[in-house]
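Residues per chain are reported as follows:
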Amino acid sequence: MVTDERTQTGTGAAAARWWTLAVVSAAQLLVVLDGTIVNIALPSAQRSLGLTDGNRQWAVTAYALAFGGLLLVGGRVGGMLGHRRAFAVGLVGFAAASALGGAAVDAATLFGARGLQGAFAAVLAPAGLSLLATAFTRPRERGLAFGVFAAVGAGGAAVGLVAGALLTQYADWRWCLYINVPVALLALLGTRLVPADRPGRARVDVPGALLSVAGVGAVVYAFGRAEALGWGSAEVLGLLVGGVALLAAFVAVEVRASDPLLPMRVLLHRARAGAFLAITLVSVAMYGFYLFMSYYMQGTLGYSPVRTGLVMLVNVGATLVGSTLVAGRLHGRVPPAALVLPGLLVTAAGMFVLTRLEVGSSNVLVLFLLPALVLTGLGFGCVMPPTAGLATAELSARDIGVASAAYNAAQQLGAALGVALLNTLAAGSAAVVDGYTSALMVAFVLLVGAAVVVAPLIPRSR
């Protein structure tokens, strides 16, 4: 009888763990997908709501600013409320903001709704990663769980392009926002089967929260403005200098705070610092890569948005293979360095393939695009699970939320920098294809350099 009870208990716990993975993955897809799904719908939204060329980018910028700026605060909210409760709050808020944006009748409503989406995503994302990290502690299961989570996160941007194209072309741009509502509500229903956790006892670090929001927000906004104004503009330089100064003040406050928003012990852990650095640099390269693939296939090859999105699904499939069948299966069997370092180099190899493109290149899809999409997907898929695992390993329940938030913030900053930096490099060339290949060569060098820099930090033992 005791054996039967233990078996039933173990079976129920295992089912709860895998249900947690399904629910968290659905939420992660929402968070990442909404960073790109609106991009393709933006021209239609501009015509519908009368947006100007000068303000339309706020449909994208409002989300990025709120999400990036509030992540650390969102991580602490999860620790205070309990990660499951914060996760549910994030889902409800995200669904409501999506419905508001879909029903927008003017620019202010759309921009405000996008900002609210980003704010609730900043609560949702770290809470989800925290639930995953606490639910999966066995090495094999943990590897597979983080592999699936990573594949959803990496593929979400490409899926957003496909979904945005299909919904805009065959339905209406508003469905790019409405589609979030049923997904969020289904995930909310699923949270009833996710194991509950206890709320923490922490005070709100108001000075730290204000400095982190202002600092990260200024840096993210500077990256966004650099695309239009250039890196040498007074506005961009002022935002960057101000943002860095605010983040320096944030660190100074956190070192002295009795209950800091982001304890320095989270960042100063050697392996965790290596994970943060690796995911930041690979995000710089990959999110710039996604942008170029969209531009090149539509602008140079003449692909439709739908066809472009379908080709990008090759990268999604390769990421899924790399994160689950490679990194997921090898998690706990090999050292993290055996996944992260080759993953960075394989991703770099995919970038290098595209640097060989020329204006008159033939068989572009077979000889260049497909190999690049497969290699970058496999490499990125091998980097994300072990870095997510290292970022949340060996932490108390008190710190796991802010560590999850810091990991998400590293990705967000890397993505914003990658899009701005590589797009600026590409725009600086007189020839379109030459501009793309020059920017991708920079991404290649960056990834090789990342492998060299993080090699001493990532653990070489299991």
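Residues numbered from 1 in each chain as written. Predicted model: local features only at pLDDT ≥ 70, side-chain atom pairs only at ≥ 80, totals over all residues. Heavy atoms only, no water.

Asker: How should I be thinking about the nonpolar core in this particular structure?
Answerer: What tends to happen in soluble globular proteins is that the nonpolar side chains get buried as a cluster. Core analysis: the biggest nonpolar cluster contains 106 residues, and Phe87, Phe289, Tyr290, Leu344 and Leu354 have the highest contact counts within it. It is helix α12 (residues 270–300) that provides the largest number of residues to this core, a total of 16 residues. When residues no more than four places from it in sequence are discounted, the contact partners of Leu344 are Val282, Val383, Leu447, Ala450, Ala451 and Val454. Within the second largest apolar cluster, 17 residues are counted, among which are Leu49, Ala59, Leu167 and Leu177. (Core = buried A, V, L, I, M, F, W, Y, C linked by side-chain atoms within 4.5 Å. Buried < 20%, exposed > 50% of the residue type's maximum accessible area, 1.4 Å probe, protein only. Helix = DSSP H or I, 4+ residues; strand = E, 2+ residues; numbered from the N terminus. Contact = heavy atoms within 4.5 Å.)

Asker: Help me understand the packing of helix α14 (residues 337–354) against helix α17 (residues 432–454), please; the structure alone is not making it clear to me.
Answerer: Packed helix pairs are specified by the crossing angle of their axes together with the interaxial distance, meaning the distance between the axes. Running from amino to carboxyl end, α14 crosses α17 at an angle of 165°, the nearest separation of the two axes being 8 Å. The angle between α14 and α17 falls in the class roughly antiparallel. Classified by chirality, the crossing of α17 by α14 is left-handed. Listed contacts from α17 to Leu341, Leu344, Leu345, Thr347, Ala348, Met351, Phe352 and Leu354 of α14 are Thr437, Leu440, Met441, Ala443, Phe444, Leu447, Val448, Ala450, Ala451 and Val454. When grouped by side-chain class, the residues that make up the contact of α14 with α17 number 16 nonpolar, 2 polar and no charged. (Axes fitted to C-alpha atoms, helices over the stretch in contact; angles between N-to-C directions. Parallel < 35°, antiparallel > 145°, perpendicular 65-115°, else oblique. Left-handed = near helix turned anticlockwise from the far one by under 90°. Nonpolar A, V, L, I, M, F, W, Y, C, P; charged D, E, K, R; others polar.)

Asker: Would you explain the environment of Ala96 in this entry?
Answerer: Residue placement: Ala96 occurs in helix α4 (residues 83–102). Each C-alpha atom, one on Ala96 and one on Tyr178, is 9.6 Å from the other, the two residues being 82 residues apart in sequence.

Asker: Honestly, a nonpolar patch on the surface in this entry has me stumped. Any pointers?
Answerer: A contiguous nonpolar patch, built from Leu345, Val448, Val452 and Val453 and spanning about 320 Å² of accessible area, is present on the exposed surface. A per-element tally of the nonpolar patch places α17 first, with 3 residues. By relative accessible area, which is 42% here, Leu345 ends up partly exposed. (Patch = residues over 30% accessible without salt bridge, like charges linked within 9 Å, V, L, I, M, F, W, Y side chains within 5 Å. Areas by Shrake-Rupley, 256 points an atom, 1.4 Å probe, with all protein chains shown as cover. Salt bridge = Lys/Arg side-chain N within 4 Å of Asp/Glu carboxyl O.)

What is shown is where atoms sit, not what they do.
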